[in-house]
Amino acid sequence: MEFRKRYVLLLVVLCCFVRDISTSVTHYSIPEEMKEGSVVANLATDLSLDVKTLNQRKMRLDIIANKKYLDVNKETGELYIVEKIDREYICTTKSSFSCYLKLEVILDNPVRIFNIEVEILDMNDNAPQFRRDVIHLDISEATPKGERFSLSNAVDPDVGSNSVKTYHLSESEHFDIEVQTGRDGSKFADLILTKTLDREQQAVHNLILAAVDGGTPARSGTASVIVRVLDTNDNAPVFKKTMYNVKIMENSPIGSLVIHLNATDLDEGSNSEITYSYSLYTSEKTQDTFNLNPSTGEITVKGMLNYEDFRIYDMEVIATDHGVDSLSGQCTIKILVEDMNDNHPEISIKSFQSPVNENIELDTVIAVVSVSDKDSGDNGVVDLHIPDNMPFKLRESSDNYYELVVSEPLDREKVPEYDITFTVTDRGSPPLSDNETMTLELLDVNDNVPQFPQSFSTIRVMENNAPGALLSSLTAFDPDLHENQYLVYFILEKEIANTSMSMLFSINPENGNLYALKTFDYEIEKEFLFHIEARDSGSPPLSSNVTVHIIIVDQNDNAPVIVSPWRAHGSVVEEKIPRSTDKGSLVAKVIALDTDSVHNSRITYQFLQVTDATLFSLDQYNGEIRTMRMFSYRDPRHQRLVVVAKDNGEPALSATVTIKLSTVETAVKAYSDMTEVPLEYDIFSDLNLYLVIGLGSVSFLLLITILVTIVLKCQKPKPSKAAPPCRNSVISERNSTIADSTLVSNDAYCNVLLFPDHYSIPEEMKKGQLKMRLDTIANKKYLDVNKETGEAVHC
C-alpha cells in the first residue's frame, strides 16, 4: 500500500510537469486493480481551482461508457476510485500496450471544461490459459523418432513482460518440446517424438504442458496432452498355456462346457479380433465328440461320453487374428473322461435257509450273499450292511462274498419272523446303494411252560350255592404254537377228611372252567385248598400248576336264637318284680345267638311292644332291660314286653321273646291303682315308713326260706333230666332276677343239659368224670361255666 501511494505521488508530479508543458490535457497514470476509495490526485490543486467554490460551481465528471470508475470529492477536490478498474476488461485489444480512461471535468459559473486522461498501467494479474484444457494426439506406433507435432499455444491477457514467455513439458522418455516465437511475438511449442512408441507396452501417454509468463511473480497455466498410440498388427494371438489338461465326468449332458479358451492379442481393433479352429492334427472322432465355438473359444460336449468306451481325447486349437497380415497361435488340449458313479451296486442271494427252528445254534449260516458294482475306483468299492438291531451278523468269506450267521439266541415267542434287509452301498460321491429284503421264518419248539396269570388264586363262593355252578375260569397261557400250545387242565387229587377234591369240584379240561359239585354250608365247611395243573401237548409235555384257595362266604341263612331268658318254644316268659324296684334296676336280660359270621351275626335289640314306654329301657347292644323310673301306684300291675333280636344281614333275620312282668307287694298293701300319690311323698310319710320296715322283714324271712330249701335239695339229689338238644346255651331267670344257670355238656357237639333249681347236679360232674365246656359260636363267647359250682356266667 505504501508503494502504491508513493507511485501515485510520483505520477501526480509527472502530471503537473506535463500540465505545465501542455495545458490542454491533464494526464494521470494509475495501476489497475486499485482498491475502492483510493485517491488518484487532487484535481482542485492540479487545475488551480478554489476548493470552496466547487459545490457552488457544481463540479462534476463526465461518465464514460456508462461505467463510473472515478469521482471527485467536492469538499476536498480529490479524484478517487469508485470501482476497481480491470485493464483487460477496458482495453480488450492488444494492438497497443497503452490503456487510457478519458474524463471531462465540468464546472459552472463560469463554465469550464478540463480534459483528463488516466492511463491504466498493466499488472500481472492473469495466468496464461490454453484454448483447450485437453489436447488429443493420435500417433502410430510405427512413427519414427524425430517427428514433430504442433500443439495449441497459450494466451495471456496481460501485455509486455506479463504475457507468455516460455513452455515446459512434463518428464517423458518418448516426447520433448521446442518453443517457437511467432511474428507477433507470441510463443508456441512443437511436440517432438524422441523415442519410437509401442502400443502393447503403453497405449496412451499422458503429458502436462505448462505455459509460464514473465511477470513477477510469474504465473502459469497448464493443459493435458493425451497421446494415443495407434496399433499395428505386430503381435500374434497367445494362449495362457500351450498345454491344457481338462477333466470331465462321463455322461455329461450335451452342451456342457468343457473349457473356455481365451487367447489374447496385444494389438487392438481388427488386429486383436481372434477366430478359433481345430488344426489338421485333431481327429474326426474328437471333432464329433466336442464342439469348438470359433468366436468365443468355448469347447462344449457334442456327443455322449462313456468312460468305459473312450477315456482320453487330444486336440489342437489355433487362434488367428483379423489383421491385414494375420498372425496366429496354437495350444494343445488333453481331455480326460472321469468315471462317474452311474452304476448301482448289485446284490445276489446265493443261498437262503428258511424256515429254521427257533433253537438254532449260534454261528449257523443262514444265507450266502454276493455283491458287485460295474464302476471303477471308489465308485466300484461296495460295503454290505444289515440293520444293527437284529440277532445276525455278516461275515466276509471271500472277495465280495458274505455269510449271514446267527449271532444271538432266537425266540419265536418274541419275534416270530425277521425281515432282513441287505443294503449295499458304494463309496462314490454321491454314493449309490441298493437293497434286498428276505423274510426268515422261525419254527416253534416246545420251550415254554404254560403260565397261569397268578401262582395263587383265591375264589370266594357264597354258601348255599347251586350244584354245578361255575366258580371261576383258571386259564393258563402258552406262547408256543399248535400242539405245543394246546393245554389240558387237571385237579391234583387231595383228600380232606376222607373226601377227594374230585368229589367236590370239577374242571373242564379244555378251558379250565372250575365248577362246584355240591352245595356248601359255611357253618360246616369254610375253605378248601388244592392245586390245578395245566399241561401242554408238546413232546415232551410241559406243565405248571396254580394253588386254588376256595373260601366259603357266609350267607345270612340263620336267624338269631334267643337263649336267655329261656322258655319253651312259643311260650311266654313270666317274671315277677317288686313294685319298690329302684330306677335303673336290671329287670331282665335278653341274649340271642346267631351261628352266622361277621356282620350277619351282629345282633341288635329293640322293643317291638311295650305297655309303658316311659317305664323300661332296652340297651340295643347287650339286651339289658332296666327301669327308667320307680313304679307308682298308677302303673298297671302287669307289664307286657315284646323284644325283637335282629341280625345285621341282608335281608335281616330276627327272633322275638315276650316277657310278662308282674309287680308284687312285699310288706304293705299297695295303694289303689286309681290313686296317684307322688313317690317322694309316699317314702317320707309315716305310713310308708312302716310299710318299708315290714317289707324288709318279709323279704329277709323269704330269703332264709329259699336258702334252706336249696340246701335240702342239694343233699337229696334227683336224677337229672336232659334238656332238648340245642346249639346255644340257655339261661333261666326266675323271680325278676337273672338266676345262675348250670350247663352240662357231653362230648357230643352242642348237646347242652339245663339244670334248673329243681334238678340236682349230677354226681359225675362232681367227681370230675364229665368234662364240662361251653362251645363258642361265631367266634363270640357270650357265656362261660364255673366247673366247681356248675353256674353259667354271662360274659
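Bear in mind that the values here come from a model prediction, so they are computed numbers and not experimental data.

Novice: Would you mind showing me how to read the pattern of salt bridges here?
Specialist: A complete count under the given rule lists 21 salt bridges for this structure. A salt bridge links E268 to R199; the nearest nitrogen and oxygen atoms lie 3.8 Å apart. Placement of E268 in the loop between β18 (257-260) and β19 (274-278) and of R199 in the loop between β14 (187-193) and β15 (204-213) is noted, with a sequence separation of 69 residues between them. Among the residues examined, E268 registers a relative accessible area of 35% and is labelled partly exposed. According to the relative accessible area criterion, R199 is buried, its value standing at 7%.

Novice: Could you clarify how one ought to interpret the confidence of the model for the protein in this entry?
Specialist: Regions with low pLDDT should not have their predicted coordinates read in detail. Averaged over all residues, the pLDDT of the protein equals 80, while 82% of them reach at least 70. In this model, residues 667-685 is a region of pLDDT below 50 whose contacts with residues beyond four sequence positions or in other chains number 29 contacts.

Novice: When you look at the environment of G221 in this model, what are you seeing that I'm missing?
Specialist: Looking at where G221 falls in the secondary structure, it is placed in strand β16 (residues 220-230). A residue is classified by how much of its surface remains accessible, and G221, at 8% relative accessible area, is buried. Separated by 54 residues in sequence, G221 and Y167 place their C-alpha atoms 9.6 Å apart. With residues up to four places along the chain from it excluded, the contact list for G221 reads P128, F130, L209, A210 and A211.

Novice: Could you clarify how one ought to interpret the environment of S455 in this entry?
Specialist: Along the polypeptide, S455 turns up in the loop between β31 (433-443) and β32 (456-462). For S455, a relative accessible area of 59% translates into the label exposed. Between the alpha carbons of S455 and S544 there is a distance of 9.2 Å; along the sequence they are 89 residues apart. Dropping the residues within four chain positions of it, S455 is found in contact with V546 and T547.

Novice: Before we go on, may I ask you to explain the nonpolar core in this structure?
Specialist: Among soluble globular proteins, nonpolar side chains are generally buried collectively. Counting residues in hydrophobic clusters, the biggest one holds 28 residues, and the most contacted among them are I30, V40, L43, L70, I85, V105 and V118. Counting only elements with at least two residues in this core, the list comes to β1 (25-31), β2 (39-42), α2 (43-46), β4 (70-72), β5 (78-81), β6 (100-107) and β7 (112-121). Beyond its immediate stretch of four places on either side in the chain, I85 contacts I30, E32, E33, Y69, L70, I90, L101 and I120.

Novice: Just checking my understanding: could you explain the pairing of β15 for this structure?
Specialist: In the case of a regular strand, side chains alternate between the two sheet surfaces. Most of β15 is tucked away, with seven of its ten residues classed as buried. Where strand β12 (residues 164-169) meets β15, five bridges bridge the pair, whose relative direction is antiparallel. Bridged to V164 within β15 is D213. Bridge count between β15 and β16: nine bridges; the pairing is antiparallel. Bridging across to β16, L207 finds its partner in V225. The antiparallel pairing of β15 with β16 creates a hairpin that spans six residues between the two strands.

Novice: Just to check I follow, could you spell out unusual backbone geometry for this structure?
Specialist: Most peptide bonds take the trans configuration, and most residues that are not glycine carry a negative phi. Note that the residue after N109, namely P110, is joined by a cis bond; omega there is -15°. That bond from S429 to P430 is cis: its omega, 0°, falls within 30 degrees of zero. Along the chain, P430 falls in the loop between β30 (417-426) and β31. Positive phi, normally seen in glycine, also occurs at N109, with a value near 55°. Looking at where N109 falls in the secondary structure, it is placed in the loop between β6 and β7. When its relative accessible area of 61% is taken as the criterion, N109 is described as exposed. A positive phi angle is found at N464, which is not glycine, with a value near 70°. Along the chain, N464 turns up in the loop between β32 and β33 (470-473). Judged by its relative accessible area of 38%, N464 is partly exposed.

Parameters and conventions
- Residues numbered from 1 in each chain as written.
- Predicted model: local features only at pLDDT ≥ 70, side-chain atom pairs only at ≥ 80, totals over all residues.
- Heavy atoms only, no water.
- Salt bridge = Lys/Arg side-chain N within 4 Å of Asp/Glu carboxyl O.
- Helix = DSSP H or I, 4+ residues; strand = E, 2+ residues; numbered from the N terminus.
- Buried < 20%, exposed > 50% of the residue type's maximum accessible area, 1.4 Å probe, protein only.
- pLDDT = per-residue confidence, 0-100.
- Contact = heavy atoms within 4.5 Å.
- Core = buried A, V, L, I, M, F, W, Y, C linked by side-chain atoms within 4.5 Å.
- Pairing = 2+ DSSP bridges.

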